[in-house]
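Here's the letter readout for the chains.
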Amino acid sequence: MIHVGINGYGTIGKRVAAAVDAQPDMTVVGVSKRSLDHEAAAAVDRGFDLYVPDTAADDSGGSCDISLTGSTTALIAESDIIVDATPAGVGADNAEQYAQTDTAVVFQGGEASTVAPTSFCARANYAETVGQAATRVVSCNTTGLARLISPLDEQFGVASVDCTLIRRGGDPTQSNRGPINDIVPDPVTVPSHHAADLQTVLPSIDVMTKGVTVPATLMHVHSLTVCLASAPSVDAVHDCLREERRIELVMSAYGQDTCADLRESAYDQDRHRGDVWENCVWSESIAVDGRSLSLLQAIHQQADVIPENIDAIRALAAADDAETSRQITNDALGVGLTGSLA
Ligand SMILES: NC(=O)C1=CN([C@@H]2O[C@H](COP(=O)(O)OP(=O)(O)OC[C@H]3O[C@@H](n4cnc5c(N)ncnc54)[C@H](O)[C@@H]3O)[C@@H](O)[C@H]2O)C=CC1
Ligand SMILES: O=C(OP(=O)(O)O)[C@H](O)COP(=O)(O)O
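All values derive from a computational prediction rather than experimental measurement. (Residues numbered from 1 in each chain as written. Chains lettered and ligands numbered in written order. Predicted model: local features only at pLDDT ≥ 70, side-chain atom pairs only at ≥ 80, totals over all residues. Heavy atoms only, no water.)

(A) How the structure looks around the sheet that holds strand β5 (residues 81-84). If you walk across this open sheet you meet the eight strands as β4-β3-β2-β1-β5-β6-β8-β7, and the pairing is parallel. Bordering the open sheet on either side are β4 (70-71) and β7 (118-120), each of which pairs with just one other strand. Pairing of strand β2 (residues 26-32) with strand β3 (residues 50-52) involves two bridges; the strand directions are parallel. Looking across to β3, one finds that S32 is bridged to Y51. Together, β1 (2-7), β2, β5, β6 (104-107), β7 and β8 (134-137) form the strand contacts of helix α10 (residues 305-316), whose direction differs from that of β8 by roughly 165°. (Pairing = 2+ DSSP bridges. Helix = DSSP H or I, 4+ residues; strand = E, 2+ residues; numbered from the N terminus. Contact = heavy atoms within 4.5 Å. Axes fitted to C-alpha atoms, helices over the stretch in contact; angles between N-to-C directions.)

(B) Molecular detail of the site of ligand 1. For ligand 1, the set of nearby residues contains 20 residues, the closest of which are Y9, T11, I12, K33 and D171. Interatomic distance of 2.9 Å between a backbone N/O atom of I12 and an oxygen atom of ligand 1. Surface burial for ligand 1 is 82%, taken as the share of its 830 Å² of free accessible area covered by protein chains. Per-class residue counts for the shell around ligand 1 are eight nonpolar, eight polar and four charged. Inspection of the shell around ligand 1 shows a minimum of three residues originating in each of domain 1 (2-138 + 305-333) and domain 2 (140-299). (Near = heavy atom within 4 Å. Polar contact = N/O pair within 3.5 Å; in protein donor to acceptor, adjacent residues only side chain to side chain. Areas by Shrake-Rupley, 256 points an atom, 1.4 Å probe, with all protein chains shown as cover. Nonpolar A, V, L, I, M, F, W, Y, C, P; charged D, E, K, R; others polar. Domains from an automatic or database assignment.)

(C) Spotlight on the site of ligand 2. Every residue lining ligand 2 is accounted for by S139, C140, N141, R167, R168, R177, H193, H194, H220 and Q301. Between ligand 2 and the protein, one listed contact pairs an oxygen atom with a side-chain N or O atom of N141 at 2.8 Å. With respect to ligand 2, the side chain of H220 contributes an N or O atom lying 3.1 Å from an oxygen atom. For ligand 2, whose unbound accessible area comes to 380 Å², protein coverage reaches 72%.

(D) Just the UniProt feature "active site" (unreviewed entry) in the protein chain, in detail. In the numbering used here, UniProt assigns the "active site" (unreviewed entry) feature to C140. Positionally, C140 belongs in helix α6 (residues 140-156). Using a relative accessible area of 15% as the deciding quantity, one classes C140 as buried. Among all residues touching C140, those that are not within four sequence positions of it are H220, I299, Q301, D304 and V305. (UniProt positions renumbered as here; feature names shortened; annotations may be inferred. Buried < 20%, exposed > 50% of the residue type's maximum accessible area, 1.4 Å probe, protein only.)

(E) Up close: the nonpolar core. If you look at the biggest cluster of nonpolar residues, it comprises 41 residues, and the most contacted ones within it are V4, I6, V20, V31, V106 and I313. With seven residues, the single largest contributor to this core is α10. Ignoring anything within four residues of it in the chain, the contact list for I6 reads G13, V16, A17, V28, G30, V31, S32, L75 and V83. (Core = buried A, V, L, I, M, F, W, Y, C linked by side-chain atoms within 4.5 Å.)

(F) The arrangement of the domain arrangement of the protein chain in detail. Partitioning the protein chain into domains gives domain 1 (2-138 + 305-333) and domain 2 (140-299). Between the C-alpha centres of domain 1 and domain 2 there is a distance of 25 Å. The partner domain 2 presents 20 residues to the 27 residues of domain 1 that form the contact. Together, the buried faces of domain 1 and domain 2 total about 1,900 Å²; carbon and sulfur atoms form 46% of this surface. Three residues, R15, R123 and V138, lead the burial of domain 1 against domain 2; their summed loss comes to 31% of the area buried on that side. The tally of links between domain 1 and domain 2 comes to eight salt bridges. Across the pair R15 and D275 runs a salt bridge, and its minimum N-O distance is 3.0 Å. At the level of secondary structure, the elements contributing two or more residues to the side of domain 1 that touches domain 2 comprise α1 (11-21), β7, α5 (122-125), β8, α10 and α11 (322-333). (Buried area = accessible area lost by both parts, 1.4 Å probe. Salt bridge = Lys/Arg side-chain N within 4 Å of Asp/Glu carboxyl O.)

(G) Focus on helix α4 (residues 90-99). Every buried residue belonging to α4 is among G91, N94 and Y98, and all of these are buried. When α4 is viewed along its axis, its buried side chains cluster within an angular range of 65° and face the same direction. Of the exposed residues in α4, the ones pointing more than 90 degrees away from its buried face are D93, E96 and A99. Those residues of α4 that are buried lie in contact with β1, α3 (72-78), β5 and β6. (Arc of directions from axis to C-beta.)

Set out below in structure tokens:
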């Protein structure tokens, strides 16, 4: 059993905790959270031991009467691996504390790539992280790109990638974010950080990315043009992507027209929190003109990195090879088990 502690129990941390709990070879030691709020209470109700930063819980979380197990320092000491899912930048502040222990760490994509010796996407570069003391799961957008580009590169060769990322303005509870009525170049400089981030897991890929942020909370959408080394048929691209359990081919013809439709599908499948762990590639968007492939995909920002965090834990623990780990994770969560309609 791999004993896992989760430091930071928000959008990503609570999903990672539930996913660890679902694995046959992992157990949740506990979760650590700064604010003693309704999310902390829900963690305890769910059966997770709750730890707080050593400086004690701040008092902004309200007056919930919640039973505490100990300090974050104790959680780190009791865990084989810590998943740090604290807000962007806090993970880097925590890095020194982790480094003073034998506990390995999975950081998140909000941290700079320098926070750990490797960056991680299970489909792209699992082996580089095996046995390391720390890794960083690349961001939700970068995970979505790496999962798509890896099989295309293996099967057809990828000469270059050009992607416009239509970024959601914030997660559903982030009422302080926006825009509420605009389309914002984000960043206005080109390339956006996603190009360099993709190269942390796929260093040989020639990639250009541009970002705009829109008033939406459900998912990101990527508009991609990929220059391939060969000229495959549309059917060959379909077949290549259909092999990937973390890619779902969705179809407008089946009413999967929008991000809202994709999220509703996940709720209809009784998925926990309505999570869509897979890249959703619109089947009808796949077009090939010689060596140029175009497509549209949607990425559920709260969910796609969750299976990757689980595989990153196994890689740090040197527990399995990439394919075995991905399969255990997929089976335990139900990733790709609904089957593409396309
Ligand atoms: N929300 C998203 O769509 C995605 C986020 N990420 C990355 O995941 C990381 C976490 O992001 P979210 O889950 O969205 O953040 P969040 O704000 O939803 O959750 C952060 C959690 O950490 C807790 N926290 C704050 N300071 C703490 C401290 N000093 N010690 C322990 N806990 C503390 C908060 O109480 C909260 O439970 C960031 O690096 C982010 O960039 C990556 C992919 C997608
Ligand atoms: O990692 C993410 O996005 P990113 O890949 O665009 O940096 C998550 O959606 C969080 O992004 P945010 O920092 O804009 O909330």
